[in-house]
Amino acid sequence: MSEQLSITLPDGSSRPVEPGTTPLDIARSIGQRLADDAVVARVNGALWDLSRPLEANAALEILTSKNPEALEVYRHSTAHLLAAAVLELFPETKLGIGPPIKDGFYYDFDRPVPFTAEDLEKIEKKMVEIRDRDLAYERKLVAKDEGLAKYRGLDEPMKCELIEERADSIFSEYTLGPHFIDFCRGPHVPSTKRLKAFKLLSIAGAYWKGDEKRQQLQRIYGTAWFSQKDLDEYLRKQEEARKRDHRVLGRQLGLFAVDEKVGQGLILWKPKGAVIRQELQTFISEHLRRQGYTQVFTPHIGKLDLYRTSGHFPYYADSQFPPLVDREQIARLAGEGCSCAQLSNRLESGEIDGFLLKPMNCPHHIKIYDSDPHSYRDLPIRLSEFGTVYRFEQSGELGGMTRVRGFTQDDAHIFCTEDQVPAEVAGCLELVKVIFGTLGMKEYRVRVGLRDPDSAKYVGSADQWDRAEKACKDAAASLGVRFSLEPGEAAFYGPKIDFVVEDVIGREWQLGTVQVDYQLPQRFDLNYTGADNQQHRPVMIHRAPFGSMERFVGVLIEHFAGAFPVWLSPVQAVVLPIADRHNEYAGQVTEKLKAAGLRAELDSRGEKVNYKIREAQLQKIPYMLVVGDREAAEGKVAVRTRKGGDQGAKPVDEVVAMISGMAQSRSIEE
């Protein structure tokens, strides 16, 4: 009789089992409901197929739909189901990879004929058909040489490439019925019947292994959920997201434009969009003055030596625009036979000087600090700027306002003593809290990036790091929101705090950041005179509550679905005369609104008033003030709101005071 294995369960209990017992067997022994709900197992910390025999004494956990890792396995299995369906319908197709991703999965295919929307419908129908066959995901171990011969015979070159890269002499593969096999580490759900709800979403191009020099593949994206209810809710949110797409709304509402002749990733703020940006800048500027910041302005370029010192050039060259070098110098070097590669080397080494479109504002602020001597009595010094910076993002990564090549940061840098770091970090977080509260962004979480004690990439003493990390952790805890500590996620120069905001349909956006920096003051040899009359190194705090103004406004467009609160609305009220004879009175009302500092327009077109109301609603204008004979005679306006509809007739002065109050209070309620 073989020796039994000892399996330890999450509650600490252990049970003896025969060798060859599977996690699913143990789940059934605990209860049929657990076995029915089981998706995958965790054995000694590693994910494990439910049908895979246990090989030795182990700690075992059965994962159900309540576990995020189980959902990843579920989606990975659905990706295999997709690949099996594609091969049944289009057997000439070659397989790439098919991993789970956030909210779904994808699979890459090499096929000479492009997939169509009609193909997606056929593939999804075939996936349902295969699912209903209740096919098992069976794991097999294969010797590398044997596997290579098999996949070469199947004419699967990408799979062969992946196998050849593996150092192991044995690898795993999974079959799905008699006709489908895939080189894969797994694990997977036990059988296709477990896959309850899935949907194919789109087709996109993708290079093999992300290398633009390799062949272009077709990537099919899908999503999968444990229940139809969850799938329906996800699809509802996706539809809502499409309605809120800031690229569409930005065009419809006349907020911004992107023009090929100007350049992709470079935003043209139109007058209405500029109103929103200016209102946000005015709002935060009030709080900056309250907190003791002083405003500065810096140029859009700087000498390469400035960025060599900061470390931005050449170490981050891939994300920067090429340097600007004197043409006469280039012509002279070219005449001397200097090649492009030699020119690049000379730029990096410092033999050739030039200028760089600034990727960061911090080196400029550092030089402002360094332009005068400072005493400990001067600190903290808080410098702020709405500074435009430039990053050369890849064209495929650009997207409306949320991923651009030129953007303005609500940037500030604080130069302080180490003792002042906790209070200054707390002040930065208080500013972020004010912004989110004013804009109704109630759901957000905080990530605190800490150093990895085992890594050598971090600069500064352990004592400095301990104090800075404590300041960040204490400040995050004081906010009263969810926060996570993430070792290894600090910048090399110090810990950081990132704010992740959840919008009204549940999507997350990383917006503001606060970073504590010991490195740049050291690189630039910054000093202040201490109480002991000796020179000391200041600590530098970087902070940008909005982050990028472009990205922030893009997120706001989607958060509010273009219906901005009154104080941010480009047009706060529109006056609508019913007939031409009411134009004079309507003009007087419009002027009263403008005199009160409100952004008001008069729509005196000869259209019917219902048409003009509809136009105003499409433009998401908060207040529509209709005037006719009765309103003109009584000194009133008939008030309509974009949310509440007809509010009845009210005296003009009362309406002006009401809208002014909404704007001045920066209320998000209407």
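Each remark here, short or long, concerns the structure printed above.
Residues numbered from 1 in each chain as written. Predicted model: local features only at pLDDT ≥ 70, side-chain atom pairs only at ≥ 80, totals over all residues. Heavy atoms only, no water.

Student: Would you explain the side chain of Asp-119 in this entry?
Tutor: Of note, Asp-119 is situated in helix 4 (residues 117-131). Notably, Asp-119 is buried but unbridged: the nearest opposite-charge side chain belongs to Arg-111, and the N-O separation is 4.1 Å. Contact partners of Asp-119, with chain neighbours within four places excluded, come to Phe-90, Arg-111 and Pro-114. (Helix = DSSP H or I, 4+ residues; strand = E, 2+ residues; numbered from the N terminus. Buried < 20%, exposed > 50% of the residue type's maximum accessible area, 1.4 Å probe, protein only. Lys, Arg positive; Asp, Glu negative; His and termini not counted. Salt bridge = Lys/Arg side-chain N within 4 Å of Asp/Glu carboxyl O. Contact = heavy atoms within 4.5 Å.)

Student: Help me out: how do you make sense of the pattern of salt bridges in this one?
Tutor: If charged atoms from side chains of opposite charge come close, those side chains can pair. Taken as a whole and judged by the stated rule, the model has 48 salt bridges. One salt bridge in this structure joins Lys-102 and Asp-103, with 3.4 Å as the shortest N-O distance. Judged by relative accessible area, Lys-102 falls into the exposed class, the value being 70%. For Asp-103, a relative accessible area of 26% gives the class partly exposed. One salt bridge in this structure joins Glu-165 and Lys-209, with 2.0 Å as the shortest N-O distance. Taken together, the residues Glu-165 in helix 6 (residues 157-165) and Lys-209 in the loop between strand 12 (197-207) and strand 13 (216-225) connect sequence positions 44 residues apart.

Student: Even after reading the chapter, I still don't get helix 19 (residues 609-618), so can you show me in this structure?
Tutor: Every α-helix carries 3.6 residues per turn, so stepping three or four residues along brings you back to the same face. Those residues of helix 19 not exposed but buried are Val-609, Lys-612, Ile-613 and Ala-616. Projected onto a plane normal to the axis of helix 19, the buried residues spread over an arc of 105° and lie on a single side. Away from its buried face, by an angle of more than 90 degrees, helix 19 presents the exposed residues Asn-610 and Arg-614. Packing partners of the buried residues in helix 19 comprise strand 28 (573-577), strand 30 (623-627) and strand 31 (636-641). A positive backbone phi angle near 60° is found at Lys-620, which sits one or two residues after helix 19. (Arc of directions from axis to C-beta.)

Student: Help me understand the sheet that holds strand 19 (residues 381-390) in this model?
Tutor: Across a sheet, paired strands are connected by hydrogen bonds in the backbone, their directions being either parallel or antiparallel. One open sheet accounts for eight strands, arranged 16-19-20-27-24-23-21-22; its pairing is mixed. The open sheet is flanked by strand 16 (294-295) and strand 22 (483-487), the only strands paired with a single partner. Pairing geometry for strand 21 (residues 444-450) and strand 22, over five bridges, is parallel. Each bridged residue has a counterpart across the sheet, and for Gly-449 the counterpart in strand 22 is Glu-486. Helix-sheet contacts for helix 9 (residues 271-290) involve strand 19, strand 20 (406-416) and strand 27 (539-544), and the interaxial angle to strand 19 is about 160°. On top of the sheet, helix 14 (residues 421-438) reaches strand 19, strand 20, strand 21, strand 23 (496-502), strand 24 (508-517) and strand 27; it is set at about 5° to strand 27, its chief contact. (Pairing = 2+ DSSP bridges. Axes fitted to C-alpha atoms, helices over the stretch in contact; angles between N-to-C directions.)

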